[in-house]
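One letter stands for each residue in the lines below.
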Amino acid sequence: MARLAIIGGGAWGTALACVVRRAGGQAILWAREAEVVDAVNAGRGNPIYLPGAELEPGIAATTDIAEAVDGIDAALLVAPAQHLRAVASSMAPSLATSATVVICTKGIEQKSCALMSEVVAEALPESPVAILSGPTFAAEVTADLPTAVTLATEHVQIGEDIVSAIGTPRFRTYLSSDPVGAQIGGAVKNVLAIACGVVAGRQMGDNARAAIITRGLAEMVRLGVAKGGQAETLMGLSGLGDLTLTCTGPQSRNMSLGQALGEGHTLEEILAARSSVTEGVYTATAVRVLADQLGIDLPICTAVDDVVNRGADLDETIAGLLARPFTSESISA
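Each value, and the rule that gives it
- Residues numbered from 1 in each chain as written.
- Predicted model: local features only at pLDDT ≥ 70, side-chain atom pairs only at ≥ 80, totals over all residues.
- Heavy atoms only, no water.
- Salt bridge = Lys/Arg side-chain N within 4 Å of Asp/Glu carboxyl O.
- Helix = DSSP H or I, 4+ residues; strand = E, 2+ residues; numbered from the N terminus.
- Buried < 20%, exposed > 50% of the residue type's maximum accessible area, 1.4 Å probe, protein only.
- Contact = heavy atoms within 4.5 Å.
- Pairing = 2+ DSSP bridges.
- Axes fitted to C-alpha atoms, helices over the stretch in contact; angles between N-to-C directions.

### Some remarks on the pattern of salt bridges
- Taken as a whole and judged by the stated rule, the model has 13 salt bridges.
- With its nearest N and O atoms 2.7 Å apart, the salt bridge here joins R85 to E109. On the criterion of sequence distance, the pair formed by R85 in helix α4 (residues 84–91) and E109 in the loop between β5 (100–103) and α5 (116–123) is long-range, its members being 24 residues apart.
- The closest approach of N and O atoms between E122 and R85, which form a salt bridge, is 2.6 Å. Here R85 lies in helix α4 and E122 lies in helix α5, a separation of 37 residues in the sequence.
- Here R85 falls in the partly exposed class, since its relative accessible area comes to 26%.
- Beyond isolated ion pairs, a larger network of salt bridges with shared partners links R288, D305, D306 and R310.

Given below as structure tokens:
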């Protein structure tokens with residue numbers, strides 16, 4: 001795999017373009033924003049989404065999605081979760097059926113509660129699919145700091161080909177055969193990071209944050225297994241690893257949103273000040289509805305959805321969580 005398109009010109013897409021170049025591949029970056037394309041092609045980086053970051057040389061950028069996917073070996077999809085269906089559908093007329101689609105978006109479609117792989121299966125039914133997920137702050141990947149990720153696919157040879165195409169000593173790619181588990185981990189951690197941000201904003205202490213991470217992990221595993229994933233996957237990079245990073249790192253958009261909520265800002269104020277998408281806001285509703293469909297209880301994720309999407313009072317919601325009956329420490333409890 002020598003020619004890869006990165007579909008999405010935000011921070012993570014730009015970072016992945018750098019990864020492809022370091023691994024020796026051709027990187028074609030598609031972005032909606034002409035100013036992003038112009039800046040990348042002029043060698044000025046991506047000042048909108050990665051201000052101050054120096055990119056790898058040789059990245060080509062375009063606003064024409066047909067041009068981006070023409071003749072490629074693989075497409076790395078990095079569009080926001082709620083727009084992935086439209087973006088994937090727009091690729092369909094120009095994408096060769098032999099090209100592998102690597103889903104790098106973390107989220108669940110809000111309207112349908114579909115995983116990203118389910119969305120792509122409908123939009124690009126003939127394309128082989130893999131999932132790339134794990135603890136990855138885009139700025140650190142762009143700076144070539146050591147990073148480890150999960151590459152999950154049911155197709156062994158495709159997985160090995162993708163690892164060869166993007167893996168480097170500083171971008172370590174571990175294979176998994178559990179795409180469902182990898183996606184649940186990447187989606188649910190964003191919702192839990194909002195909860196951890198609220199803990200920080202309300203100055204509830206490190207003990208409370210550790211409790212949210214641990215009991216949140218139980219919710220993540222519960223949902224993953226109910227959806228058909230493996231509990232072991234959620235203990236790896238795409239589960240616990242990503243959860244730990246997103247719930248403790250100040251670079252996390254989801255945690256910083258939760259912190260601002262905890263400090264008393266409204267959701268409208270927070271989102272209005274941002275140019276990038278905070279996936280956990282939208283995924284919270286999808287996680288809640290999916291859990292209801294599967295008949296499982298996710299109290300922390302439900303509380304986040306209550307606050308960010310249903311207008312619940314923050315202090316009353318926190319009090320409700322703390323007043324829950326004592327139970328056993330188990331995944332099913």
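### Describing the environment of A130
- Along the chain, the position of A130 falls in strand β6 (residues 129–133).
- Each C-alpha atom, one on A130 and one on V102, is 4.7 Å from the other, the two residues being 28 residues apart in sequence.
- Discounting chain neighbours no more than four positions away, the residues touching A130 are V101, V102, I103, L151, A152 and T153.

### A few points about the sheet that holds strand β7 (residues 147–152)
- Strand order in the open sheet formed by 8 strands is β3-β2-β1-β4-β5-β6-β7-β8, with mixed pairing between adjacent strands. The sheet terminates laterally at β3 (60–62) and β8 (171–176), the two strands that pair on one side only. When the angles between neighbouring strand axes are averaged without regard to direction, this sheet yields 25 degrees.
- Alignment of β5 against β6, held across 3 bridges, turns out to be parallel. By the bridge assignment, V101 is partnered in β6 with V129.
- Sheet strands in contact with helix α1 (residues 11–22) are β1 (3–7), β2 (26–30), β4 (74–77), β6 and β8, and its direction is about 165 degrees off that of β2.
- Where helix α2 (residues 34–41) meets the sheet, its contacts fall on β2 and β3, and the angle it forms with β3 comes to roughly 160 degrees.

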